[in-house]
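# Coordinate analysis (summary)
Now for the letters of each chain:
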Amino acid sequence: MLRPQPRSETFWEQFAHTLAHLHTSTTHPRFGWHRDNWLGRRRQVNTWNDNGFTFFAQHRLLRWLGQPRVEAALDREDRAALERLCHRLPDLLPDRPACLTHGDLWAQNILATPDGQPALIDPAVSYLWAEVDLAHVWSTSPPPEAQRFFAVYAELTSLDRDWQTRMPILQLRQHLAVLAQFDDDWGAADQIRATLVPFRTRT
């Protein structure tokens, strides 16, 4: 029986080692998965692609634009700004290999085994950039003791100093998914608009 995550830095340090090992030991030449799966109540399209920027743009960001709640919440300029961001992804994100990702790694999907080891639930797996998982943990109110996780993960995976600046762009995928599926978006629309500000046209 799984238990709630313990409130300890040791647990989060263990989780950093576990996630870093997953990400560094499962690299893949292509982005996607052998079948589609689910993110919440919506199908997650995982069609294979050799280009991570194209895959992320098409199947993780732009795919949400046709959803009724997204159409209602984001105006035409918001949607155009997202398209501009997608066009510039190769300039905004490092060109990293695909690896096995959990895909829905918010803090509440991180539990513990009876002996206190990290355990994950409710995945939406695909081969994608490791930082997509990192962004989800970073952006979903992890407890204070989780700061140890980020420090250890960064050391184990040799993250560059700019990794935190990329988190809002990578987390757009999850904000869009939340906006598409729930009446209460928990601030997702505001987060999306804030991230898109640099990509709006200026008159």
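It should be noted that the structure appears before, not after, this text.
These numbers come from a predicted model, not from an experiment. Numbers given to residues run from 1 along each chain, matching the order in which its sequence is written. Restriction of local features to residues with pLDDT of at least 70 applies here, the model being predicted, together with a cutoff of 80 or more for giving and counting side-chain atom pairs; totals for whole chains, interfaces and linings are based on all residues. As a convention, hydrogens and water are excluded, and side-chain values are obtained from all of the structure's heavy atoms.

### A look at the sheet that holds strand β1 (residues 3-4)
Between any two strands, at least two bridges found by DSSP are needed for them to pair. The helix count covers DSSP runs of H or I at least four residues long, the strand count covers runs of E at least two residues long, and both are numbered beginning at the N terminus. In space, the 3 strands of this open sheet follow the order β1-β5-β6, with antiparallel pairing throughout. The open sheet terminates on both sides in strands that have one partner only, identified here as β1 and β6 (118-120). Both β1 and strand β5 (residues 110-112) contribute to a ladder of 2 bridges, which runs antiparallel. Bridging across to β5, Arg3 finds its partner in Ala112.

### Considerations on the nonpolar core
If you look at soluble globular proteins, the nonpolar side chains tend to sit buried side by side. In these notes, a set of buried Ala, Val, Leu, Ile, Met, Phe, Trp, Tyr and Cys residues joined through side-chain atoms within 4.5 Å is what counts as a nonpolar core. Relative accessible area decides the class of each residue, using a 1.4 Å probe on protein chains only: under 20% of the type maximum gives buried, over 50% gives exposed, and in between gives partly exposed. Of all hydrophobic cores here, the largest spans 58 residues; its most connected members are Trp129, Phe149 and Tyr153. The leading source of residues in this core is helix α8 (residues 163-181), at 9 residues.

### Side note on the environment of Asp75
Along the chain, Asp75 falls in the loop between α3 (68-73) and α4 (76-87). In terms of polar contacts, Asp75 uses its side chain to reach the backbone amide nitrogen of Glu77, at 3.1 Å. N or O atoms closer than or at 3.5 Å make up a polar contact, with two conditions inside protein: a donor-capable atom paired with an acceptor-capable one, and, for residues adjacent in sequence, both atoms drawn from side chains.

### Points about the pattern of salt bridges
Definition used for salt bridges: Asp or Glu carboxyl oxygen within 4 Å of a side-chain nitrogen of Lys or Arg. Throughout the structure, instances matching the rule amount to 14 salt bridges. Here Arg200 ties to Asp78 by a salt bridge, and the two come within 2.1 Å at their closest N and O atoms. With Arg200 in the segment after α9 (188-196) and Asp78 in helix α4, this pair connects stretches of sequence that are 122 residues apart. Residue Arg200 is classed as partly exposed on the basis of its relative accessible area, which comes to 26%. Among the ionic contacts, a cluster of salt bridges with common partners joins Asp75, Asp78, Asp190, Arg193 and Arg200.

### Focus on the side chain of Asn46
Residue position: Asn46 is located in the loop between β3 (42-44) and α2 (52-61). We classify Asn46 as buried; its relative accessible area is 0%. Contacts were defined at the residue level, with two residues in contact if any of their heavy atoms lie within 4.5 Å. Excluding residues that lie within four positions of it along the chain, Asn46 makes contacts with Gly32, Trp33, Arg35, Asp36, Asn37, Phe55, Arg60, Val125 and Ser126.

### Considerations on the packing of aromatic side chains
Planes of paired rings set the category: under 30 degrees apart is stacked, over 60 is edge-to-face and the rest tilted, where pairs are Phe, Tyr or Trp rings (Trp by its six-membered ring) whose centres lie within 6.5 Å. Applying the stated criterion to the full structure yields 15 aromatic pairs. Seen from their ring centres, Phe56 and Trp129 are 5.2 Å apart, and the 50 degrees between their planes marks the pair as tilted. Of this pair, Phe56 sits in helix α2 while Trp129 sits in the loop between β7 (126-128) and α6 (130-139), placing them 73 residues apart in sequence. Trp129 carries the same exposure label as Phe56, and that label is buried. With a centroid separation of 5.0 Å and an interplanar angle of 75 degrees, the aromatic rings of Trp138 and Trp163 are classed as edge-to-face. Here the residue Trp138 occupies a position in helix α6, and Trp163 occupies one in helix α8, the gap between them amounting to 25 residues. Classification of Trp138 as partly exposed rests on a relative accessible area of 29%. Its relative accessible area of 7% is what places Trp163 among the buried residues. In textbook terms, an aromatic cluster arises when at least three aromatic residues are bridged by ring pairs, as seen for Phe11, Trp12, Phe15, Trp138, Phe149, Phe150, Tyr153 and Trp163.

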